[in-house]
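Examination of the molecular architecture
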Amino acid sequence: MTTASDQKETAATKPAGSAFAPFRYRAFAVLWIATVLSNIGTWMHDVGAGWLMTELAPSPLLVASVQAATTLPIFLFALLAGAIADIVDRRKLLIVINILMGIAAVAMTLLVMAGMMTAPLLLIFTFVMGTGAAFMAPAWQAIVPALVPKTELSPAIALNSMGINISRAIGPALAGFLIVSAGIAYPFLVNAISFLGIIATLAWWRPKADNTGSLPAEHVIGALRIGVRHAVNNMALRATLVRALAFFLFASALWAMLPLIARDVLSGGPSLYGNMLAAVGAGAVAGAFVLPSIKKRLGADRTVMAGTAGIALVLLFFALVPIQAVAVFLSLVAGISWIAVLSSLNVSAQLALPNWVRARGLSVFLTVFFGSMALGSLLWGQIATMYGIPVALVAAALGALVLVPLTRRAKLNQGESVDHTPSMHWPAPVVAADDAPDGPVMVQIRYRVAPENRDRFSDLVGQLASSRKRNGGYQWSLLQDSADPSIFTESWWESSWLDHQRHHERVTGEDQKLQMEIETLQIDGAKPVVTHLVRPSVTSTREAI
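Residues numbered from 1 in each chain as written. Predicted model: local features only at pLDDT ≥ 70, side-chain atom pairs only at ≥ 80, totals over all residues. Heavy atoms only, no water.

Counting its regular elements, the protein chain contains 17 helices and four strands. The C-alpha atoms of the protein chain give 26 Å as radius of gyration, which agrees with the globular expectation for 545 residues (24 Å, within 12%). The C-alpha extent of the protein chain, read off along each of the three principal axes, is 80 × 45 × 45 Å. Taking all 545 residues of the protein chain together, 55% fall into the buried category. Within the protein chain, residue pairs in contact and separated by at least 24 positions form 86% of the contacts whose partners lie at least 6 positions apart. Summed over all atoms, the accessible surface of the protein chain reaches about 23000 Å², with 65% contributed by carbon and sulfur. In the protein chain, 38 side chains carry a positive charge and 31 a negative one; their mean positions are 8 Å apart. (Helix = DSSP H or I, 4+ residues; strand = E, 2+ residues; numbered from the N terminus. Rg over C-alpha atoms; globule rule 2.2 N^0.38 Å. Buried < 20%, exposed > 50% of the residue type's maximum accessible area, 1.4 Å probe, protein only. Contact = heavy atoms within 4.5 Å. Areas by Shrake-Rupley, 256 points an atom, 1.4 Å probe, with all protein chains shown as cover. Lys, Arg positive; Asp, Glu negative; His and termini not counted. Charge placed at Lys NZ, Arg CZ, Asp CG, Glu CD.)

In structure tokens, the structure reads:
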């Protein structure tokens, strides 16, 4: 099986031969099938929880709180989960989380069967299941590059999205059928059983070890801090996050209000709700087939704009045309629009990240995704409680449309042409002592720049500053010698000598090209002079005294 160490990232993402090419890789195919089956159970759980709340406490705010309880944990815990997923065995982590979620699903099923479930207890269990999903999501997304080569990454992500929506097409309809024919507890029972398949599949999968790094794993707190620092200084990821926030905050009204749309606006029952969710899933599956041609014609940015407009129009029609047959068709349109936006944003986030920080970077994306979904769910639920469901839907639709032109400058897929491959071109730093230096490290680089090159040097070294910060540096500065204006000193800090060694392993081919161009600006072809400043050793300090 292809591993991360075998998949040297190229400067650009080559197009895959087929939208289904990732299925050629056995591990991807088996995990994809197991995930679809597990997600069918998850969607059945979500439908059961949403409908059960309409029976326990039919307040719009409480019904919307079910969606919020599902998504809020990812907002709260995804960053921590991403840090953990980058420093531990992701496969073992996924197995443990799925076992714990399976146990919680069994307990929830027994309570519903015994008639002991209450509205607060339902929200607690929903929050627990959402917490499991929060710790699983970054690791799950981060293993995709270990299943397929980079040339198949984009179709693999699209297939994963399609799989989620295949399960969305099947799970809700099956849940609606079981609720009507067998009872409200049975969707929860099927979900509990579905965890067995994904646990067995993960136990079967044996990825080869990734030996690209020779240094010990980071500690969780340090990994979390550096992951956030990387995300803040990754311009391609930041643009993706802006577009994600502008979409999900308003599109969350679709998921938060759907049970109430089916029950109160359309005067339907669980079968209609299940059919609407199934239509969303079917639309998303259909959208996955046509998405490559749409993105080829429109590009990622305009595809997201079109998908946002589609969701907004669906919300408007739900509010203004309360007809069941029309609502099912609109759900189909919503699915196509949703997959167009979600897949485009996910691919853009993946392309923006090097492998060493992939789970942490994706956890930031997931935090924005689910945080805005949770916040939006509570917002639209409150507006619906105060002013009515149609008003909430219209407000969400108009808000989404207004932000389309306001966010158009945040371009997607900026990382597509970036070479994230570790260049390993930095020489090993010289250390006089036998042991590694203790404490933080200051790195200083001295340049001699010709006067005619100073403007260009300033631009390039500014770009280099972002790279230093993305790879763990902080307190970066650039100073000019007052006595000799041709001399510039770049400096930054690293938390420890070990962190500086990790920085050596993280420098990319893109960084190397930037540094080589800066070198060409030096006077008489001189090389920059690098100095590492560390805390004085105990021995040398005593000798000085």
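The next thing to look at is the sheet that holds strand β4 (residues 529-533). The strand order across the open sheet formed by four strands is β2-β3-β1-β4, and the pairing between neighbours is antiparallel. Where the open sheet ends on each side, the last strands, each with one partner, are β2 (474-480) and β4. The average angle at which neighbouring strand axes cross in this sheet is 15°, direction not considered. Packing of helix α14 (residues 454-470) onto the sheet brings it into contact with β1 (441-448), β2 and β3 (487-494), and relative to β2 it is tilted by some 165°. (Pairing = 2+ DSSP bridges. Axes fitted to C-alpha atoms, helices over the stretch in contact; angles between N-to-C directions.)

Within the structure shown, the criterion is met by ten salt bridges. Of the charged contacts in the structure, one is a salt bridge between arginine 360 and aspartate 86, with a shortest N-O distance of 2.7 Å. Within this pair, whereas arginine 360 is found in helix α12 (residues 358-387), its partner aspartate 86 is found in helix α2 (residues 60-87), the two being separated by 274 residues in sequence. With relative accessibility at 16%, the residue aspartate 86 sits in the buried group. A salt bridge links arginine 468 to glutamate 490; its shortest N-O distance comes to 2.9 Å. Of this pair, arginine 468 sits in helix α14 while glutamate 490 sits in strand β3; the two residues are 22 residues apart in sequence, bridging distant segments of the chain. (Salt bridge = Lys/Arg side-chain N within 4 Å of Asp/Glu carboxyl O.)

Glancing now at helix α10 (residues 270-320). Across its 51 residues, α10 extends only 22 Å between first and last C-alpha, which sits more than 12% below the 75 Å expected from 1.5 Å per residue. Of all bends in α10, the biggest is about 105°, found at glycine 299. (Expected span 1.5 Å × (residues − 1). Bend = angle between axes of the 7 residues up to and from the residue.)

In this section: the side chain of asparagine 233. With respect to the element layout, asparagine 233 can be found in helix α8 (residues 220-233). A relative accessible area of 12% places asparagine 233 in the buried class. A polar contact is formed between the side chain of asparagine 233 and the backbone oxygen of arginine 229, at a distance of 2.8 Å. For asparagine 233, the residues in contact, after removing those within four places along its chain, are Ser466, Lys469 and Arg470. (Polar contact = N/O pair within 3.5 Å; in protein donor to acceptor, adjacent residues only side chain to side chain.)

Let's shift gears to the packing of aromatic side chains. Given two aromatic rings, their pairing is described by the distance between the two centres and the angle made by the two planes. Counted according to the given criterion, the structure contains 16 aromatic pairs. Judged by centre distance (5.6 Å) and plane angle (45°), the ring pair of phenylalanine 247 and tryptophan 338 falls under tilted. Taken together, the residues phenylalanine 247 in helix α9 (residues 235-265) and tryptophan 338 in helix α11 (residues 324-351) connect sequence positions 91 residues apart. Judged by relative accessible area, which is 3%, phenylalanine 247 ranks as buried. Through pairs of rings, three or more aromatic residues link up here, namely Trp43, Phe247, Phe248, Trp255, Trp338, Phe365 and Phe369. Its guanidinium or amino end placed over the ring of tryptophan 51, arginine 263 lies 5.9 Å from that ring's centre, counting from NZ or CZ. (Phe/Tyr/Trp six-rings, centres within 6.5 Å; stacked < 30°, edge-to-face > 60°. Lys NZ or Arg CZ within 6 Å of the ring centre and 35° of its normal.)

This brings us to a nonpolar patch on the surface. A contiguous nonpolar patch, built from Phe20, Phe289, Val290 and Ile294 and spanning about 330 Å² of accessible area, is present on the exposed surface. Tracing the backbone shows phenylalanine 289 in helix α10. (Patch = residues over 30% accessible without salt bridge, like charges linked within 9 Å, V, L, I, M, F, W, Y side chains within 5 Å.)

With that out of the way, let us pick up empty space enclosed by the protein. Using the criterion set out here, one finds two cavities of 30 Å³ or more in the structure. Taken as a whole, the second largest cavity encloses approximately 70 Å³ of empty space. Broken down by secondary-structure element, the contributors of at least two residues to the lining of the second largest cavity are α9, α10 and α13 (389-406). Here the residues of the lining of the second largest cavity are counted per class, giving seven nonpolar, two polar and one charged. (1 Å grid on protein atoms, 1.4 Å probe; cavity = no way out; pocket = protein on both sides within 12 Å on 5 of 7 lines; lining within 4 Å. Points joined across faces, edges and corners; volume = space filled by probe spheres on them. Nonpolar A, V, L, I, M, F, W, Y, C, P; charged D, E, K, R; others polar.)

Time to look at the nonpolar core. Core analysis: the largest hydrophobic core is formed by 133 residues, its most contacted members being Phe248, Met257, Ile261, Met276, Phe318 and Trp338. In terms of residue count, α9 provides more of this core than any other element does, 19 residues in total. Isoleucine 261 has contacts with Leu266, Met276, Phe318, Ile389 and Leu393, leaving out every residue within four places of it along the chain. Residues Leu460, Phe488, Trp492 and Val507 belong to the second largest nonpolar core, which totals 17 residues. (Core = buried A, V, L, I, M, F, W, Y, C linked by side-chain atoms within 4.5 Å.)

Quick look at α12 now. For α12, which comprises 30 residues, the first-to-last C-alpha distance of 42 Å matches the rise-based estimate of 44 Å (1.5 Å per residue) to within 8%. The buried count for α12 comes to 22 of 30 residues, which makes it a mostly enclosed element.

A few words on the packing of α11 against α12. Any two packed helices are characterised by how steeply their axes cross, that is the angle between the axes, and by the distance between the axes. Contact geometry of α11 with α12 gives a least axis separation of 10 Å together with a crossing angle of 150°. By the angle class used here, α11 and α12 are roughly antiparallel. In this structure, α11 meets α12 at a crossing whose hand is right-handed. Residues Trp338, Leu342, Leu345, Asn346, Ala349 and Gln350 of α11 touch α12, and the partners they reach there are Arg358, Leu362, Phe365, Phe369 and Met373. Here the residues of the contact of α11 with α12 sort into eight nonpolar, two polar and one charged. (Parallel < 35°, antiparallel > 145°, perpendicular 65-115°, else oblique. Left-handed = near helix turned anticlockwise from the far one by under 90°.)

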